[in-house]
There are 2 protein chains.
Amino acid sequence: MEYHELLGVGPEEAPDVLEHFERATYEGREYRHLPDTRHSIERGTVLIEGTAVRGFPKIMRTLVLDPGVRRFFDAPFVAEEKLNGYNVRVARIDDDLLAFTRSGYICPFTTRTVPERVELDPFFDAHPELMLCGEMIGPESPYTDHDYPTVDSLEFRVFDVRHRESGDPLLVDRRRRLCEAYDLPQATSFGVFDPETAAAELRTIVDELDAGDREGVVMKSLDGRHQLKYTTAAANQGSLAYAFAVPFDYGPDFLFPRIMREAFQSVEFGESEAETRERAHALGEAILLPAVDAIREVQRDGETGEEHTVRGPPEAIDALFDHLDRMNLRTTVRRDETVDGERVVTFLKHSAATTDSVKSYLDGQTFRT
Amino acid sequence: MEYHELLGVGPEEAPDVLEHFERATYEGREYRHLPDTRHSIERGTVLIEGTAVRGFPKIMRTLVLDPGVRRFFDAPFVAEEKLNGYNVRVARIDDDLLAFTRSGYICPFTTRTVPERVELDPFFDAHPELMLCGEMIGPESPYTDHDYPTVDSLEFRVFDVRHRESGDPLLVDRRRRLCEAYDLPQATSFGVFDPETAAAELRTIVDELDAGDREGVVMKSLDGRHQLKYTTAAANQGSLAYAFAVPFDYGPDFLFPRIMREAFQSVEFGESEAETRERAHALGEAILLPAVDAIREVQRDGETGEEHTVRGPPEAIDALFDHLDRMNLRTTVRRDETVDGERVVTFLKHSAATTDSVKSYLDGQTFRT
């Protein structure tokens, strides 16, 4: 089967679609991936060894639980925890387990880490045509670093199982039972909800998640095809703090949507003036404090970036740094230890845009505005 | 003289330049104005009755007083108060005094208001080739509404005098003496500064302006040709509060630059952790509280916008509403009184983008993100 057929694209459209795929290699193996959604094909879709690995679809968002949820669902749905880490798809291609990032790169570190922590072969022996979609969570991560109380390093949580080539999801219930049968760790399920009465129950769940500094919920139709997300204040503010640690890299894009999520949440939750003011203070801190720290860091050290710690077999760590290198990310190792045969490396991922902009503004560069 | 010659444009480039000018009319008189800077011709430049009225140039900004100021100026310079109102140029064209907005529209309200409050004829009798560049400040304004302690309604303050056709400024000293001679109210001058020692002195001035909820300073080379601005926290936060009262209209563009001004100011001013936190709280309030109010207003009233109050002769008020109408701005009069022969009208300028977006999100509209 040709690639365009796998993607459900007619032969006349094929060249136009395929030209958007970018070439990359992983350990001598060439593959192609789609960096942005095109022609209804999800961002992150991969073409490799004559097969396709569909990208994980963007999830719809609502700014209000009521009436957002009942407008979106016309039948009972499941709510699961939305996790704060990085999105990864694991598939078996020609006997190799490979982990793909959201945008479709094969991440050598994740590829080596997931099978170390979870036994995946029994699942893929029985279901080679499926892929596991999940989140890598925990503090020892090369891309994110949100803490979860039970996660010491980095763990995998499945939140979806899909047919690799078509991208079609399994029924939610079947997916959860399958993961249980193969002992695959899953995102928490909060159960099944009726759209007409869900908002109040979800509100309670969101409040609890918020109190635990957790991200939010993803609601899914029972067939897994329709997904809706809603996030906590902790997540909105946390991601602003994350973005404003390197403000000129991520700041502008992150800013406005998260502020409006906070504003709508404050109104829907019926906050008092004092509560709204408290939220405003937390929001202001999430934005300004990391930005001030970043400027001070550039002033003091001449550079800034994101600090990450990773743990794994020496070979996985080397592969990670090779990968970051190939992605043109400059890194500086700050600590490098060996603990129980694993390497534990703390490194700075340099933020070129923030370092350069802050330097030049501190240097008195003027601009028209 | 042809228009392109007035603009310093060669005949071969003329069509390309002139096509960017848009046509408008004012009381049956046709004119053209440039809505965006093109080919080095300032935004707001006007072609009318065979003459040109140059746009007011964008002023450069620095995010740090030190070394921003000494990098920008290599000789003594003047600092004047930057006022928070709306920018207007007044010129005499064929015996008529006309007031042009920043983008080059003739504002019928300002055109009628300025000569009522300031006697301009003696100045223009002697200097018909000049234009007065100034700020309209005060609470009774159709476009802004910042309060100044000594301004009850709306007043004009000159901050620049330029040759109308060339846009060349007068020497600062000559301009100030000229305004004094003709009794034209001016922006406050803080005097002449030496670039090497100015930062500390300016810091004191900025602190005082900030405490008085005033906008900032504009520094100018003595020949008036080079201008640099720096704004107070009060101004940064105030304009965020202004923007987030109608967040989907102005929010995104206003946001990031002002946050970064705050961050650089906090670092340069050497703020303690408690002071930075206090600034963060004020910043958070400036952003979130008006946004929450806007959502509540749409929820309650089905619409939101900016409320303004204007005062003037009945004919000037009518002309203003005709003008706003022609600009496709929808307004609703909330109060309309006559006081001492003048009309005092409070009206809502509808914010279509904010009203529509808030309505649909409150209604549970979902979106991909």
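Conventions and cut-offs
Residues numbered from 1 in each chain as written. Chains lettered and ligands numbered in written order. Predicted model: local features only at pLDDT ≥ 70, side-chain atom pairs only at ≥ 80, totals over all residues. Heavy atoms only, no water. Pairing = 2+ DSSP bridges. Helix = DSSP H or I, 4+ residues; strand = E, 2+ residues; numbered from the N terminus. Axes fitted to C-alpha atoms, helices over the stretch in contact; angles between N-to-C directions. Contact = heavy atoms within 4.5 Å. Buried area = accessible area lost by both parts, 1.4 Å probe. Salt bridge = Lys/Arg side-chain N within 4 Å of Asp/Glu carboxyl O. Nonpolar A, V, L, I, M, F, W, Y, C, P; charged D, E, K, R; others polar. pLDDT = per-residue confidence, 0-100. UniProt positions renumbered as here; feature names shortened; annotations may be inferred. Buried < 20%, exposed > 50% of the residue type's maximum accessible area, 1.4 Å probe, protein only.

- Looking up chain A in an unreviewed UniProt entry gives the name Putative ATP-dependent DNA ligase, with the organism given as Halogranum amylolyticum.

A few points about the sheet that holds strand E8 (residues 96–101) of chain B
Pairing between sheet strands relies on hydrogen bonds along the backbone, with the strands arranged either parallel or antiparallel.
Residues and elements named next belong to chain B.
And step 1. The 4 strands are arranged E8-E7-E9-E10 in an open sheet whose pairing can be described as antiparallel. One side of each edge strand has no neighbouring strand; the edge strands of this open sheet are E8 and strand E10 (155–163). Between one strand axis and the next, the sheet turns through 30° on average, direction left out of account.
And step 2. Pairing between strand E9 (residues 130–137) and E10: 8 bridges, direction antiparallel. The residue of E10 that forms the bridge with Met 136 is Phe 156.
And step 3. Relative to the sheet, helix H4 (residues 108–117) contacts strand E7 (86–93), E8, E9 and E10, its axis offset from that of E8 by approximately 125°.
And step 4. Sitting on the sheet, helix H6 (residues 172–181) is in contact with E9 and E10, with an inclination near 130° to E10.

Some remarks on the interface of chain B and chain A
And step 1. Opposite the 55 residues of chain B that make contact, chain A presents 55 residues.
And step 2. When chain B packs against chain A, close to 4900 Å² is buried across both sides, 72% of that on carbon and sulfur atoms.
And step 3. Taken together, the connections running from chain B to chain A amount to 4 salt bridges.
And step 4. With a closest N to O distance of 2.9 Å, Arg 277 of chain B and Glu 285 of chain A form a salt bridge.
And step 5. Breaking the side of chain B that touches chain A down by element, the ones donating at least two residues are strand E5 (60–61), helix H3 (68–72), strand E13 (227–231), helix H9 (247–268), helix H10 (273–301), helix H12 (352–362) and strand E17 (367–368) of chain B.
And step 6. For the side of chain B that touches chain A, the element with the highest residue contribution is H10 of chain B, accounting for 16 residues.
And step 7. Across the side of chain B that touches chain A, the residue classes tally to 30 nonpolar, 12 polar and 13 charged.
And step 8. For strand E5 (residues 60–61) of chain A and E17 of chain B, the ladder comprises 2 bridges, and the chain directions are antiparallel.

Re the confidence of the model for chain A
Caution applies to low-pLDDT regions: their predicted coordinates should not be interpreted in detail.
And step 1. A residue-level look at chain A finds 100% of positions with pLDDT of 70 or above and a mean pLDDT of 96.
And step 2. What the predictor reports for the complex is a pTM of 0.93 with an ipTM of 0.92.

A closer look at the UniProt feature "domain: RNA ligase" (unreviewed entry) in chain A
And step 1. UniProt tags residues 76–230 of chain A as "domain: RNA ligase" (unreviewed entry).
And step 2. Between the first and last C-alpha atoms of residues 76–230 of chain A the distance is 17 Å; the span itself is 26% helix and 34% strand.

As for the pattern of salt bridges
Residues and elements named next belong to chain A.
And step 1. All chains considered together, the criterion is met by 62 salt bridges over all chains.
And step 2. The residue Arg 54 makes a salt bridge to Glu 42 at a minimum N-O spacing of 3.5 Å. Taken as a pair, Arg 54 in the loop between strand E4 (51–53) and E5 and Glu 42 in the loop between strand E2 (29–33) and strand E3 (46–48) lie far apart in primary sequence, 12 residues in all.
And step 3. Residue class for Glu 42 comes out partly exposed when judged on its relative accessible area of 23%.
And step 4. The network of salt bridges with shared partners includes Glu 80, Arg 175, Arg 176 and Lys 220.

Observations concerning the UniProt feature "domain: RNA ligase Pab1020 C-terminal" (unreviewed entry) in chain A
And step 1. Within this numbering scheme, the UniProt entry marks residues 242–365 of chain A as carrying the feature "domain: RNA ligase Pab1020 C-terminal" (unreviewed entry).
And step 2. The straight-line gap between the two end C-alpha atoms of residues 242–365 of chain A is 26 Å; of that span, 63% is helix and 21% is strand.

A few points about the sheet that holds strand E14 (residues 305–312) of chain A
Residues and elements named next belong to chain A.
And step 1. The strand order across the open sheet built from 3 strands is E14-E16-E15, with neighbouring strands paired in antiparallel fashion. Across the chains shown, the open sheet's two edge strands, defined by having one partner strand only, are E14 and strand E15 (331–339). For this sheet the average axis-to-axis angle between neighbouring strands, irrespective of direction, equals 15°.
And step 2. Summarising the sheet, E14 and strand E16 (residues 342–350) pair through 8 bridges and their orientation is antiparallel. The residue bridging Glu 306 from the neighbouring strand is Lys 349, located in E16.

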